[in-house]
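# Tertiary structure, described
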Amino acid sequence: MTDKLEFVDLKTQYAALKDRIAQRMQAVLDHGQYIMGPEVQELEHKLTAFCGAKHCITVASGTEALLIALMALDLKPGDEVITTPFTFAATVETIVLLGGKPVFVDIEPDTCNIDWRGIEAKVTRRTRAIMPVSLYGQVCDMDEINAIAARHGGIAVIEDAAQSFGATYKGRKSGNLSTFGCTSFFPSKPLGCYGDGGAIFTSDDVLAQACREIRVHGQSVRYTHTRVGVGGRMDTLQCAIVLAKFERFGWELERRAALGARYQRLLVGSELVAVRADRNSVWAQFTLMVDQRDRVQAALKAAGIPTAVHYPRPLHLQPAYTQSAGTEGYPVSERLAQRVLSMPMSADLSLSDQDRVVAALAEALAALPA
Ligand SMILES: Cc1ncc(COP(=O)(O)O)c(C=O)c1O
C-alpha cells in the first residue's frame, strides 16, 4: 500500500519485484546485447506459450505493432479498415499513416466495444481489414467479426489488444483470436514495461515472417532489404523487465479479477461498463458512466481520488481525423464520450483504497444537483 492513492499503482508492484527486475537488468548489462539480445526471444517464447498463438514478434510499442501488422498485410493507399471511433488515437493513426481510410462503426452502449451488427454494411471491395479494439480489457464479439471477415473473402482481422493482454474469450486468450493480435507494454497496461514496448501475435507463418522483417527495416538477412520496413524493435532491457513482471502476472490477473468483481459488487446500482458472460475483462480500466461527469470528477479529485476519461472525444471528431472520417455521426460514441469515467485500478490497489474510492464516489454522486 502506498500513502497516496495512485490511479495505477506501479510503485507497490516495483517494490514486490525489485530484486528480480535488478537481476534481469543486470544480466543484460553483463552480456551487453542491448538490441535483439537473448531476452527478446525468451520473452517471445513465454508469451507465445501463454497466449496460444504460434508466433510472437515483440516490437517497439503497441502503436508499432498495429502499424507493422497493417504493413504486413500490404495496406495500400485508399484501402479501407473498419474500426471503432471510441478508442485511443493509435488505432486509427496507423491506418491513416499508411494512406488507408478508417471506416467507423459505432459502439455498443453497454460494453463500449464496436457493435459487430454494424460492420457488414460497411464492407466494400476496398475493405482490407477489420480492427476491433478490446477496450478497457474486454474482447469484442470476435466470433461474429471473424465470420463477417470470412464471408467476404477472408478480410484480415486485427485485434487491437493493447488493453486486453491476459483476457479470455470463450476459453481462448486475447491476442490469439484472429489474423493478428497486437498488444502494448506501455507501463500502465496490464502487462507493462518501464518504457515503450509491444507485441504482435499471429499463427500465420508468412505474415509472422513479414512482421519480423518489417521490424528490422525490411531485412530478410542483414543488409538485404527485401521490403520497406521500420526501426520497430523492442529493446532487450524492456524485454527483461517484462520477463520479471511476467513471473507475477498470473497472480496479478487474479487480483485484477477479484478487484473488478469487488468494484462491481460495491457499485451495484451504478451504470458500469458491462462484461459479457462468455469472456472476462482484465480491467485495464474500471469504467462507469455518469452524468455531470466534470462535477463528479472534480469532487473525486478534491477527495484525493485520481480518475481518468477514456476517451473524451471520439476520433471522428478529432481535428486530425475529421477529413478521413467524413460527415457521418456516431451517436453512441459521442454520448459515451461525455459520460465515461475510469476509477483507480491495478493489481496492487489495496482493499482499503478501493473502499475509499467507492465511498468518495457515492458521496460525489449524492451531492449532484438534480
Ligand atoms: C487501444 C489502444 N491501442 C493502441 C495503443 C498504443 O499503444 P502504445 O502506447 O504502446 O503505442 C494504446 C495505448 O494506449 C491503446 O490503448
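Just above, that's the structure.
Let me sum up the structure you'll find in this document. What you see is a predicted model; the values in this text were computed from it and never measured. (Residues numbered from 1 in each chain as written. Predicted model: local features only at pLDDT ≥ 70, side-chain atom pairs only at ≥ 80, totals over all residues. Heavy atoms only, no water.)

### Structural notes on the overall build of the protein
- Looking only at helices and strands, one finds 12 helices and 14 strands in the protein.
- Computed over C-alpha atoms, the radius of gyration of the protein comes to 21 Å, within 12% of the 21 Å expected from 2.2 N^0.38 for 370 residues, which places it in the range of a compact globule.
- Counting only C-alpha atoms and orienting by the principal axes, one finds that the protein spans roughly 65 × 55 × 35 Å.
- A total of 370 residues make up the protein; the buried ones form 56% of that total.
- The contacts in the protein between residues at least 6 apart in sequence include a share of 71% that link residues at least 24 apart. (Helix = DSSP H or I, 4+ residues; strand = E, 2+ residues; numbered from the N terminus. Rg over C-alpha atoms; globule rule 2.2 N^0.38 Å. Buried < 20%, exposed > 50% of the residue type's maximum accessible area, 1.4 Å probe, protein only. Contact = heavy atoms within 4.5 Å.)

### Side note on the sheet that holds strand 12 (residues 271-272)
- Taken together, three strands build an open sheet; the order of strands is 12-13-14 and the sheet is antiparallel. Edge positions in the open sheet fall to strand 12 and strand 14 (340-343), since each of these has one partner strand only.
- In terms of strand pairing, strand 12 meets strand 13 (residues 286-289) through two bridges, oriented antiparallel. Across the sheet, Glu-271 pairs through a bridge with Met-289, a residue of strand 13. (Pairing = 2+ DSSP bridges.)

### Concerning helix 8 (residues 249-266)
- Spanning 18 residues, helix 8 covers 25 Å between terminal C-alpha atoms, matching the ideal 26 Å at 1.5 Å per step.
- Those residues of helix 8 that are buried lie in contact with helix 1 (10-31), helix 2 (38-51), helix 7 (236-246), strand 13, strand 14 and helix 12 (351-366). (Expected span 1.5 Å × (residues − 1).)

### Examining empty space enclosed by the protein
- With the rule as written, the count across this model stands at three cavities of 30 Å³ or more.
- Here the largest cavity defines a volume of roughly 80 Å³.
- Residue lining of the largest cavity: 14 residues in total, with Leu-10, Gln-13, Glu-252, Arg-256 and Ser-346 positioned closest to the centre.
- Among the elements of the structure, helix 1 and helix 8 are those that each provide at least two residues to the lining of the largest cavity.
- Looking at side-chain class alone, the lining of the largest cavity contains five nonpolar, three polar and six charged residues. (1 Å grid on protein atoms, 1.4 Å probe; cavity = no way out; pocket = protein on both sides within 12 Å on 5 of 7 lines; lining within 4 Å. Points joined across faces, edges and corners; volume = space filled by probe spheres on them. Nonpolar A, V, L, I, M, F, W, Y, C, P; charged D, E, K, R; others polar.)

### Examining the site of the ligand
- Lining the immediate environment of the ligand, one finds 16 residues, of which Gly-62, Thr-63, Asp-160, Ser-184 and Lys-189 sit closest.
- Contacts to the ligand include Ser-184, whose side-chain N or O atom sits 2.7 Å from an oxygen atom.
- Between an oxygen atom of the ligand and a side-chain N or O atom of Lys-189, the distance comes to 2.7 Å.
- Comparing atom positions with the cavity grids shows the ligand to sit within the largest pocket.
- Elements with a minimum of two residues in the shell around the ligand: helix 3 (62-72) and helix 4 (90-97).
- Of the residues assigned to the shell around the ligand, the class counts are six nonpolar, eight polar and two charged. (Near = heavy atom within 4 Å. Polar contact = N/O pair within 3.5 Å; in protein donor to acceptor, adjacent residues only side chain to side chain. Sits in = over half its atoms within 2 Å of the grid points.)

### Here we look at the layout of surface pockets
- Estimates place the volume of the largest pocket at around 370 Å³.
- Among the elements of the structure, helix 3 and helix 4 are those that each provide at least two residues to the lining of the largest pocket.
- Of the residues forming the lining of the largest pocket, the biggest block, three residues, is contributed by helix 3.
- Looking at side-chain class alone, the lining of the largest pocket contains nine nonpolar, 11 polar and three charged residues.
- Contributing to the lining of the second largest pocket are 13 residues, with Gln-41, Glu-44, His-45, Cys-56 and Arg-212 lying nearest its centre.
- For the lining of the second largest pocket, the elements supplying multiple residues, two or more each, are helix 2, strand 1 (55-59) and helix 6 (205-215).

### Brief notes about the pairing of strand 9 (residues 198-202)
- Of all the five residues making up strand 9, five are buried; the element is thus mostly covered by neighbouring parts of the structure.
- Residues Gly-198, Ile-200 and Thr-202 line one face of strand 9 and the alternating positions Ala-199 and Phe-201 line the opposite face, and both faces are buried.
- Of the strand pairs in this sheet, strand 1 and strand 9 are connected by five bridges, and their pairing is antiparallel. When the sheet's bridge partners are listed, Cys-56 is paired in strand 9 with Phe-201.
- Both strand 8 (residues 180-184) and strand 9 contribute to a ladder of four bridges, which runs antiparallel.

### Description of the packing of aromatic side chains
- Counted by the stated rule, this structure contains 11 aromatic pairs.
- In textbook terms, an aromatic cluster arises when at least three aromatic residues are bridged by ring pairs, as seen for Phe-50, Phe-165, Phe-201, Phe-246 and Phe-249. (Phe/Tyr/Trp six-rings, centres within 6.5 Å; stacked < 30°, edge-to-face > 60°.)

Purely geometric numbers; function is a separate question.
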